[in-house]
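So the chains spell out like this:
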Amino acid sequence: MRVAPLAPQSRPERPRVLVLCPGAWDKVALETRFEERYELLYDGERLVKSPSLWEGLRFDVFRWVERTAEAWRGQGLVGVVGTGDYPGCMLASLVGERLGLPVPAPEVVVRLSHKYYSRQIQQAWVPEATPDFEPLHPFAGPPRMERLGYPLFIKPVKGTMSIRARRVNDAREWREAVRFSWRERLEKHLLLRPYQHLLERYTDARVPAWYFIGETPLTGAQVTVDGFVEGGKAVVMGIVDSVMYPGTISFQRFEYPSVLPESVQARMREVAVRLMEGSGFDHACFNVEMFHDAASDRVTVIEVNPRMSYQFADLYERVDGMNTYEAQLALAVGRPVPWRRRAGRDGAVASFVMRRFSDARVARVPSEEELARVKECFPGTVIQVLCAPGERLSEHDQDVGSYRYCIVNLGAPTREELLARYEQVERMLPFTWG
């Protein structure tokens, strides 16, 4: 629901910032932490919900951007923010550009958000950290690969989480991986239609939004390198370890600080800085997912996200003393980011992902009283329940082969105590299945 613009006024004491396509993490952080320092306004909330067929066919991304920019022009905005991957960060760059506000260039955001065009940027600036890759047509039978052979790792050039991302060892597994029903094809077309229009304006559009990319399979310890670019200079805030459920590619938790050797982390920081500065990205937070293969000692880029890691925002605050939303808001209004390290109260933090590995109907989720009891026992804990009674877990976007149902962000003085606390929290959060 669009919030009606306020009457024009002089620059307020609290900078007025427009938040586009806000998600659940935005509401938790922004509405409880920053409203005393920023006047936060919201728009585009409907766009993050699944459109009807008619809405999807009628939606024009450029008309929406122009109308939104005109609605807020002259309303005293100082910044525009979008933390979501699609469409939030892209729409923020487009609307902000039209209003003359400090945002990343739309062309850069669009290209970095597309896994093939992003790989081209990586190949230009960090070739040693870029695997071999090529675009793949998902609906034309087994691909005729010019540079790659089996096995390869495939994923949509524009995807969500790890949906449809997997290793394929032969043509049979390829056909299985890209098997879509007619309904899935229609939904994919409607979802990606606005992005396709952006590709046609900002790229050569030779690799459409519904394509896949094939890459040399990568292995190793996976991390997320978080940072921001301010005035063309990139700063790495920290490196978060991705821990998988054993034998899967489903995330079990995200731990900060990283336990990788400092020499490896230094190389990762250098790769991220060189890549983001070279790409032309500016005025916003970013995150770069990477692998470190201990056997070869090679650092490789998995993908670039031209937005902040909103799920990790409070983790950084617990360890470093500064919430990353604070960094993003400062960048949006053109203020220096006073980033600092290790000024927080906790020595170890993690974002734990509760999952099932089979679908189920939700019978019960924790009550408000039970959630409050956890937060009373462990102050500062953030809990996101991702389902509701009566739903099936498969009704929500999910990774291949697993089903998320809750996320818990938790901190402790040490890593050992952190893991022990989480075991206690799991027992305090009852979920039952029908």
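Residues numbered from 1 in each chain as written. Predicted model: local features only at pLDDT ≥ 70, side-chain atom pairs only at ≥ 80, totals over all residues. Heavy atoms only, no water.

Next up on the list: the pattern of salt bridges. A side chain with one charge can pair with a side chain of the opposite charge if their charged atoms come near. Taken as a whole, this structure holds 31 salt bridges when the rule is applied. Of the charged contacts in the structure, one is a salt bridge between Glu176 and Arg172, with a shortest N-O distance of 3.6 Å. Here Glu176 pairs with Arg172, and both are found in helix α7 (residues 171–177), just four residues apart, close to one helical turn. Using a relative accessible area of 37% as the deciding quantity, one classes Glu176 as partly exposed. The salt bridge partner of Glu262 is Arg269, with a shortest N-O separation of 2.3 Å. In this structure, a network of salt bridges that share partners links the residues Arg166, Arg172, Glu173 and Glu176. (Salt bridge = Lys/Arg side-chain N within 4 Å of Asp/Glu carboxyl O. Helix = DSSP H or I, 4+ residues; strand = E, 2+ residues; numbered from the N terminus. Buried < 20%, exposed > 50% of the residue type's maximum accessible area, 1.4 Å probe, protein only.)

A few words now on the environment of Met290. Its location among the elements puts Met290 in strand β11 (residues 284–293). The exposure class of Met290 is buried, given its relative accessible area of 0%. Along the backbone, Met290 and Leu191 are 99 residues apart, and their C-alpha atoms lie at a distance of 27 Å.

All right, on to helix α9 (residues 262–279) then. Taking 1.5 Å per residue, 18 residues should reach 26 Å; α9 reaches 26 Å between its end C-alpha atoms and fits that length. Taken as a whole, α9 has its buried residues at Val264, Gln265, Met268, Val271, Ala272, Leu275, Met276 and Ser279. Projection of α9 onto a plane perpendicular to its axis shows the buried side chains occupying an angular sector of 120°, all on one side. If you follow the buried residues of α9, they end up packed against α5 (106–112), α6 (115–125), β8 (221–230), β9 (233–244), β11 and β12 (298–305). Just downstream of α9, Gly280 is the residue with a positive phi angle, here 90°. (Expected span 1.5 Å × (residues − 1). Arc of directions from axis to C-beta. Contact = heavy atoms within 4.5 Å.)

It is worth spelling out the packing of helix α12 (residues 368–377) against helix α13 (residues 415–428) at this point. With their axes 10 Å apart at the nearest point, α12 and α13 run at an angle of 160° to one another. Relative to α13, α12 is oriented roughly antiparallel. Crossing handedness for the pair α12 and α13: right-handed. Within the contact between the two elements, α12 uses Glu370, Arg373, Val374 and Cys377 and α13 uses Gln424, Val425 and Met428. Here the contact of α12 with α13 is composed, by residue class, of four nonpolar, one polar and two charged. (Axes fitted to C-alpha atoms, helices over the stretch in contact; angles between N-to-C directions. Parallel < 35°, antiparallel > 145°, perpendicular 65-115°, else oblique. Left-handed = near helix turned anticlockwise from the far one by under 90°. Nonpolar A, V, L, I, M, F, W, Y, C, P; charged D, E, K, R; others polar.)

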